[in-house]
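# Geometric and topological summary
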Amino acid sequence: MRRFSAISLFREALGGHETWPRQWRSPEPKPAYDVVIVGGGGHGLATAFYLAERYGLTNVAVVEKGWIGGGNTGRNTTIIRSNYLFDESARLYEHALKLWEGLSQQLNYNVMYSPRGVLMLAHNIHDVQSFKRHVHANRLNGIDNEWLSPQECKEFCPPLNVGGAMRYPILGGALQRRGGTARHDAVAWGYARAADARGVDILENCEVLGIRRAASGRVEGIETSRGFIRAGKIGVVAAGNTSVVMNMAGVRLPLESFPLQALVSEPVKPAFPCVVMSNTIHAYISQSDKGEMVIGAGTDAYTSYSQRGALHIATHTLDAICELVPMFRRLRMLRNWGGIVDVTPDRSPIVAKTPVPGLYVNCGWGTGGFKATPGSGDVFAWTIAKDDPHPINAPFTIERFRDGVMIDEAAAAAVAH
Ligand code: FAD
Ligand code: PYC
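Residues numbered from 1 in each chain as written. Chains lettered and ligands numbered in written order. Predicted model: local features only at pLDDT ≥ 70, side-chain atom pairs only at ≥ 80, totals over all residues. Heavy atoms only, no water.

This part covers empty space enclosed by the protein. A full pass over the atoms with the stated rule returns 1 cavity of 30 Å³ or more. Looking at the largest cavity, its volume works out to about 60 Å³. Arg347, Trp365, Thr367, Gly368 and Ala413 are, among the 12 residues lining the largest cavity, the residues nearest its centre. Across the lining of the largest cavity, the residue classes tally to 5 nonpolar, 6 polar and 1 charged. (1 Å grid on protein atoms, 1.4 Å probe; cavity = no way out; pocket = protein on both sides within 12 Å on 5 of 7 lines; lining within 4 Å. Points joined across faces, edges and corners; volume = space filled by probe spheres on them. Nonpolar A, V, L, I, M, F, W, Y, C, P; charged D, E, K, R; others polar.)

See the structure below:
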């Protein structure tokens, strides 16, 4: 027997329309949020803050699968500098550095930005040539960077061993005095608190599982572990997981994800006055306000989504550091951890519109995105609000990999990958 529901009878009366006539249909449902940001790291939270602060967009949610700042933002070695080689990068990282200088005041939250100087050590003739080239290029771009002899390195950072009989002799160094550090989790909390105060919703423990698109192709919203959230626009800032999230919308990106690890020593009294980086041996040292020596190592040799690095990578770094700073031999290490960084073919980020209307992406910061946090959030907010890139991030497109317009910053990225 054929069964009729009230609706099917109604449809038959209309002449068998599958759907109701347009004028009887309810209007398109309104987005629950004008903008949803996927990823509650520093970049995502900064984007939400600038959307509210600069463009009055407060109907915004930041959706985070874990807790805010629990990704790379809370795991990095906090080095801030803008001494990149190419004009495009110099503009981007210098924009960020200028924002760092006033950030605690702007957020009314102490992010502990400490411009104590970043010294990049040269250990062979290629390092010397490459760093001198960076010094010249930076100065042409109005960015401070200077070359120091081994003796000047020692004066700037007395614990360094500049004696010659070493595996990694110090042949000089490039010093950016305005570079330094900031407290990583304070950056996440400062942006979160300031965004929240302007009306932004921050949804923790809410994992994005899918991106829903309309028949037109435009984004409609996100499927999450807590249900569907409708959105007018979606900005994806999910660091090591970006390619997974972007695949949900059918967008493939040229990204690889690697573990990168760091470790800290037991806390000691102030002993190390600046930030020292050695790209050649993958070692980065500074002292935190708690007194721990913060040490970064290199990336693992294999792609992975695991938030821990291989032990031999850290061991190699510690061996080399004990030669560079002999007094550290007596320090005990307290804990180590890893994060997942996503790397593009030219080691520069993608901050751009995508082929999907209403979908934007900010990723590929590799091992060096913490320093960019304020600048990245600022220009990404512009891109989302205006549906058009800011002049600073305009070169950082997805299409540059198709067109061969690379911004090859491997030498400035600090950690080889
Ligand atoms: P994250 O802070 O990782 O935020 C992304 C967020 O997205 C995460 O919280 C994650 O949980 C969330 N997410 C992912 N998938 C989903 C999903 N499906 N649904 C919802 N949420 C999701 N940079 C420097 O400039 N200087 C340094 O000294 C430095 N040192 C580093 C040392 C280490 C050990 C590591 C790992 C990185 C280092 N970096 C450094 C790089 C820097 O940490 C990152 O580039 C930067 O923090 C990226 O910020 P983010 O906000 O994009 O990412
Ligand atoms: O980009 O300066 C940097 C950095 C140092 C350690 C990891 N990244």
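Where the residue is not glycine, phi is negative for most of them; where a peptide bond is considered, it is trans in most cases. Residues other than glycine seldom take positive phi values, yet Ala239 does so here, at roughly 40 degrees. Mapped onto the secondary structure, Ala239 falls in the loop between strand S11 (227-236) and helix H7 (242-247). Within the chain, Asp387 stands out as a residue other than glycine whose phi angle is a positive 55 degrees. With respect to the helices and strands, the residue Asp387 is situated in the loop between helix H9 (373-386) and helix H10 (400-403). On the accessibility criterion, Asp387 (34% relative accessible area) is partly exposed. (Helix = DSSP H or I, 4+ residues; strand = E, 2+ residues; numbered from the N terminus. Buried < 20%, exposed > 50% of the residue type's maximum accessible area, 1.4 Å probe, protein only.)

As a further point, take the packing of aromatic side chains. Counted under the stated rule, the structure contains 8 aromatic pairs. Between Phe49 and Tyr191, the aromatic rings sit 5.7 Å apart at their centres with planes inclined by 55 degrees, giving tilted as the arrangement. Placement of the pair is Phe49 in helix H2 (residues 42-55) and Tyr191 in helix H6 (residues 184-197), with a sequence separation of 142 residues. A single burial state applies to Phe49 and to Tyr191, both of which are buried. (Phe/Tyr/Trp six-rings, centres within 6.5 Å; stacked < 30°, edge-to-face > 60°.)

Glu64, Asn72, Thr73, Thr77 and Lys371 are the nearest of the 36 residues found near ligand 1. Val208 is positioned with one of its backbone polar atoms (N or O) 2.9 Å from a nitrogen atom of ligand 1. Between ligand 1 and the protein, one listed contact pairs an oxygen atom with a backbone N or O atom of Lys371 at 2.8 Å. A total of 1,000 Å² of accessible area belongs to ligand 1 in isolation, and the protein chains cover 95% of it. Breaking the shell around ligand 1 down by element, the ones donating at least two residues are H2, strand S12 (256-265) and strand S16 (333-343). Sort the elements by how many residues they give to the shell around ligand 1 and S12 lands first, with 3 residues. Its residues placed into classes, the shell around ligand 1 shows 13 nonpolar, 18 polar and 5 charged. (Near = heavy atom within 4 Å. Polar contact = N/O pair within 3.5 Å; in protein donor to acceptor, adjacent residues only side chain to side chain. Areas by Shrake-Rupley, 256 points an atom, 1.4 Å probe, with all protein chains shown as cover.)

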